[in-house]
Amino acid sequence: MLDLHYAPGNANLAPHMLLHALDLPHRLVPVDRGNAAHKSPAYLALNPNGLIPVLVDGDLVLYETAAICLHLADQRPGSGLMPAPGTAARSEATKWLVWMSTTLQTTLMHHFYPARVLGDAYLAAHPEVSAQVSAHAQQQVGALLGQIETQLARHGGDWLLPGNQPTVPDYYGLMLCRWTRGFQGEASPPARLRPLLQPWLDRLLALPAVQRTWAAEAEQAARRERVR
């Protein structure tokens, strides 16, 4: 049994979708961010960075979302969610996954958390800078989303990589695009409003595994509210 330590809306969404896509038995372990549970000694023993998610697979404890996604795909090597090792297609898929986690996701974090760039003390002395950093990062995200559009237009297929099914980078991309839903302005609109991204996102959202993920997270959220 796999345990996914998660919080709604966090970077656990991609691994959660893959757990359903691969039909892997798992449990969701809620992490109460509102009470800083991700900074508790117990959680830091799993992930010293204090970030979500963590996947526990027996004695193996994994953090970093991209690493978790690769580990899950390797549990079902015949699933096609990652191409076979040693192939050019595998290298291409890995390139996109690493780009999403280290370039696009990092820039999104600059948008949401300017203090991670400048520090709390500096922002306390210069509060106007926070909005400037966030706005600049949003513009950068817009340019990066354009790279996904270019890739989709290049081969004209349904998914990020040529082929008849989504791969891990598609699920990861859906997670990151979802984080743009609060973007405003013509320069960098939400991903779902970009003409070349909307059909791709719609196809991903219609996948049974994605629908099951949304339902599971909604059920967990309702359960937490009942407990409160």
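These lines cover the structure that appears in this document, whether it is placed above or below.

1. A word on the overall build of the protein chain
Then, number 1: Secondary structure assignment for the protein chain yields 10 helices and 4 strands.
Then, number 2: Walking the protein chain from its N terminus toward its C terminus, one meets helices and strands in the order β-α-β-α-β-β-α-α-α-α-α-α-α-α.
Then, number 3: For the protein chain, whose C-alpha radius of gyration is 18 Å, the value lies close to the compact-globule estimate of 17 Å for 228 residues.
Then, number 4: Along the three orthogonal principal directions, the C-alpha set of the protein chain runs to about 55 × 40 × 35 Å.
Then, number 5: Considering the protein chain as a whole, with its 228 residues, one finds that 46% of them fall into the buried category.
Then, number 6: Long-range contacts, defined as pairs at least 24 residues apart, comprise 65% of the intrachain contacts of the protein chain with a sequence gap of at least 6.
Then, number 7: Total accessible area on the protein chain stands at roughly 11300 Å², and carbon and sulfur atoms take up 55% of it.
Then, number 8: Taking the 18 positively charged and 18 negatively charged side chains of the protein chain as two groups, their mean positions are separated by 2 Å.

2. What to know about the sheet that holds strand S4 (residues 60-63)
Think of a sheet as strands paired side by side through backbone hydrogen bonds, with each pair either parallel or antiparallel.
Then, number 1: Strand order in this open sheet of 4 strands is S2-S1-S3-S4, and the pairing throughout is mixed. Strands with a single pairing partner mark the edges of an open sheet, and in this sheet they are strand S2 (26-30) and S4. Neighbour-to-neighbour, the strand axes of this sheet turn through a mean angle of 20°, independent of strand direction.
Then, number 2: Relative to strand S3 (residues 54-57), strand S1 (residues 2-6) is paired through 4 bridges, and the arrangement is antiparallel. By the bridge assignment for S3, aspartate 3 is matched with valine 56.
Then, number 3: In the packing of helix H3 (residues 65-75) onto the sheet, the strands contacted are S1, S3 and S4, and the crossing angle to S4 comes to about 130°.

3. Some points on the pattern of salt bridges
Then, number 1: Here the structure, examined in full by the defined rule, presents 5 salt bridges.
Then, number 2: In this structure, aspartate 3 and arginine 27 form a salt bridge, with 2.7 Å as the shortest nitrogen-oxygen distance. Linking aspartate 3 in strand S1 with arginine 27 in strand S2, this pair joins segments that are 24 residues apart in sequence.

4. Describing the nonpolar core
Then, number 1: Leu72, Leu104, Ile148, Tyr172 and Trp200 are the most contacted members of the largest nonpolar core, which has 53 residues in total.
Then, number 2: Going through the elements one at a time, S1, helix H1 (13-21), H3, helix H4 (88-112), helix H7 (127-155), helix H8 (168-178) and helix H9 (198-205) are the ones with two or more residues in this core.
Then, number 3: When residues of this core are assigned to their parent elements, the largest contribution, 8 residues, is made by H4.
Then, number 4: Every residue in contact with tryptophan 200, bar those within four places of it in the chain, is listed here: Ile148, Leu152, Asp158, Trp159, Leu160, Asp170, Gly173, Leu174 and Cys177.
Then, number 5: By size, the runner-up hydrophobic cluster in this structure holds 6 residues, among which are Ala7, Val31, Ile52 and Val56.

Criteria and cut-off values
Residues numbered from 1 in each chain as written. Predicted model: local features only at pLDDT ≥ 70, side-chain atom pairs only at ≥ 80, totals over all residues. Heavy atoms only, no water. Helix = DSSP H or I, 4+ residues; strand = E, 2+ residues; numbered from the N terminus. Rg over C-alpha atoms; globule rule 2.2 N^0.38 Å. Buried < 20%, exposed > 50% of the residue type's maximum accessible area, 1.4 Å probe, protein only. Contact = heavy atoms within 4.5 Å. Areas by Shrake-Rupley, 256 points an atom, 1.4 Å probe, with all protein chains shown as cover. Lys, Arg positive; Asp, Glu negative; His and termini not counted. Charge placed at Lys NZ, Arg CZ, Asp CG, Glu CD. Pairing = 2+ DSSP bridges. Axes fitted to C-alpha atoms, helices over the stretch in contact; angles between N-to-C directions. Salt bridge = Lys/Arg side-chain N within 4 Å of Asp/Glu carboxyl O. Core = buried A, V, L, I, M, F, W, Y, C linked by side-chain atoms within 4.5 Å.

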